[in-house]
Amino acid sequence: MLSLCHGFLLANKTGISSVGTPGLTDSHYLILTDALGVQKQLLSQMETFVLRLQNELKTVNQEVKDLKSGNSAGHSFAIVELKNETSELREKSAQLQKSYDVLQKKFDTIQNENNVLKHDNVALKVQMSNWNNFSVLINQKLNSFTHSIAASNIQNVTTIQSSVDTLKSQVKILNTRFSSLSWTSTSRGQDFLALLDKSNVADLKLETFEQNYALDGNSTKDRFQSLEQNFTSLSSEIRTLKGKVQDMNQPVALTSCISSSVDYRNGQIIKFPVTKTSIGINNVTEFHTTGTFTCETSGVYLLAVHIANSGNSNAVFALYKNSKVISYVMVVYGTHSTDYNSGSGTVVVEMKAGDILLAKAIENFNVQGSYSCFTVLKIN
């Protein structure tokens, strides 16, 4: 079309006359009409092409929207999953924080009880020292009193003995006079009676002196026996306190292991017959035979048990105080490249004389020797 227009407009193509006669002919109009028809066809084709482009653009836009909506849904799902995982992590973190707070409180409680026990131990030692000082003072007073009583008794006995000797001599004299006067005449009867009366009075005085001496001796003896009883009782209390303090300060420790591999069934007590360390324990043989540790001295004890297992599955054992479980321990299979795995449990318990500690198998498993040990330590 442009080439036709170009041919129509240019002078060397249209042949416009310069003489004033019309330069356009029918052929020119036909050419123009043809060009306009061609132009309309081209415009129609262009409109069709533009409409098709618009439709394709709409389709593309719709696909882009669908794609965006699909990505948004995927992102939303991923965000929801992340939010759920974040919530779970927060809950686990809160649980761990609570567990840590509980453990911290238990540790603080044990620390406070330990401080109280230390304070009681110091007070007991001070009291024992005071009792020892008091015992020494009592011994000194008893020795002084014993010496004073002995000296007083000796002096009293000497005085009474002297009086008795004097009275005896007077009685002898009176008896002599009585004997001599008995042969005199009856006229001397009054003198005889007077002398007889004096003799009776002297005998009465002698008897009174002897009774007083016996009473004084019995009273002094009773007092001395009472003091001896009090001293014996006080000495017994001091020995008891010394024994208690000695028991409190007596170290207690036991470490015993297994020498060879042993298969245990569910509910069986695990035995540790090879003792490595034993301090302050009298019933080690019973522990070897039964696997049960019996407390002989009351206090706070640390119990630690580690066990090696050979097998292709998990193993579980429990730590007992008397008949109650105080801790479960799992030996997890697959933590190493071999079939040998180990697990350990450690607890702190307050024990009284006669209480027992033991480890018991909860499942059937094999315990490896030389790698499994039982340790008890008195920490207060």
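Within an unreviewed UniProt entry, the label attached to the protein chain reads C1q domain-containing protein, and the organism entered is Mytilus edulis.

### A few points about unusual backbone geometry
Its identity as a non-glycine residue notwithstanding, Asn322 has a phi of 55°, on the positive side. Looking at where Asn322 falls in the secondary structure, it is placed in the loop between β6 (315-321) and β7 (324-331). A relative accessible area of 32% places Asn322 in the partly exposed class. Positive phi, close to 70°, is recorded for Ser370, a residue that is not glycine. Among the secondary structure elements, Ser370 is positioned in the loop between β10 (365-367) and β11 (373-378).

### With respect to the side chain of Thr255
In this fold, Thr255 is placed in strand β1 (residues 253-257). What Thr255 contacts, discounting residues up to four positions off in sequence, is Val274, Thr275, Lys276, Thr277, Phe374 and Thr375.

### Topic: the pairing of β7
Where β6 meets β7, 7 bridges bridge the pair, whose relative direction is antiparallel. The residue bridging Tyr320 from the neighbouring strand is Val325, located in β7. Linking β6 back to β7 in an antiparallel pair, the connection comprises 2 residues, with Asn322 at a positive phi of about 55°.

### A few points about the state of the cysteines
Using the criterion set out here, one finds 1 disulfide in the structure. Through a disulfide, Cys257 is tied to Cys373; the S-S separation comes to 1.9 Å. One quick way to see it: the torsion about the S-S bond of Cys257 and Cys373 is about 100°, and its sign makes the bridge right-handed. Of this pair, Cys257 sits in strand β1 while Cys373 sits in strand β11, and the two are 116 residues apart along the sequence. The pair Cys257 / Cys373 is uniform in exposure class, with both members buried.

### Some remarks on a nonpolar patch on the surface
Taken together, the side chains of Leu43, Met46, Phe49, Val50 and Leu53 define a hydrophobic patch exposed on the protein surface, amounting to about 450 Å² of accessible area. Along the chain, Met46 falls in helix α3 (residues 26-181). You can call Met46 exposed: its relative accessible area is 51%.

### Some details on the environment of Val305
Position of Val305 among the secondary structure elements: in strand β5 (residues 299-310). Val305 gets classed as buried once you look at its relative accessible area, which sits at 1%. Other than its neighbours up to four places away in sequence, Val305 contacts Phe272, Phe317, Leu319, Gly343, Ser344, Gly345, Ala359, Cys373 and Phe374.

### Comments concerning empty space enclosed by the protein
Inspection of the entire model under this criterion finds 1 cavity of 30 Å³ or more. Lining the largest cavity, in full, are Val252, Gly280, Ile281, Phe293, Thr294, Cys295, Glu296, Thr297 and Tyr301. Among the residues making up the lining of the largest cavity, the classes are represented as 5 nonpolar, 3 polar and 1 charged.

### Here we look at the sheet that holds β6
If you trace the 4 strands from one edge of the open sheet to the other, you get β4-β9-β6-β7, paired in antiparallel fashion. Edge positions in the open sheet fall to β4 (293-294) and β7, since each of these has one partner strand only. Judged from the 2 bridges that link them, β4 and strand β9 (residues 356-361) form a sheet pairing that is antiparallel. If you follow Phe293 over to β9, its bridge partner there is Leu357.

About the criteria used
- Residues numbered from 1 in each chain as written.
- Predicted model: local features only at pLDDT ≥ 70, side-chain atom pairs only at ≥ 80, totals over all residues.
- Heavy atoms only, no water.
- Helix = DSSP H or I, 4+ residues; strand = E, 2+ residues; numbered from the N terminus.
- Buried < 20%, exposed > 50% of the residue type's maximum accessible area, 1.4 Å probe, protein only.
- Contact = heavy atoms within 4.5 Å.
- Pairing = 2+ DSSP bridges.
- Disulfide = S-S within 2.5 Å.
- Patch = residues over 30% accessible without salt bridge, like charges linked within 9 Å, V, L, I, M, F, W, Y side chains within 5 Å.
- Areas by Shrake-Rupley, 256 points an atom, 1.4 Å probe, with all protein chains shown as cover.
- Salt bridge = Lys/Arg side-chain N within 4 Å of Asp/Glu carboxyl O.
- 1 Å grid on protein atoms, 1.4 Å probe; cavity = no way out; pocket = protein on both sides within 12 Å on 5 of 7 lines; lining within 4 Å.
- Points joined across faces, edges and corners; volume = space filled by probe spheres on them.
- Nonpolar A, V, L, I, M, F, W, Y, C, P; charged D, E, K, R; others polar.

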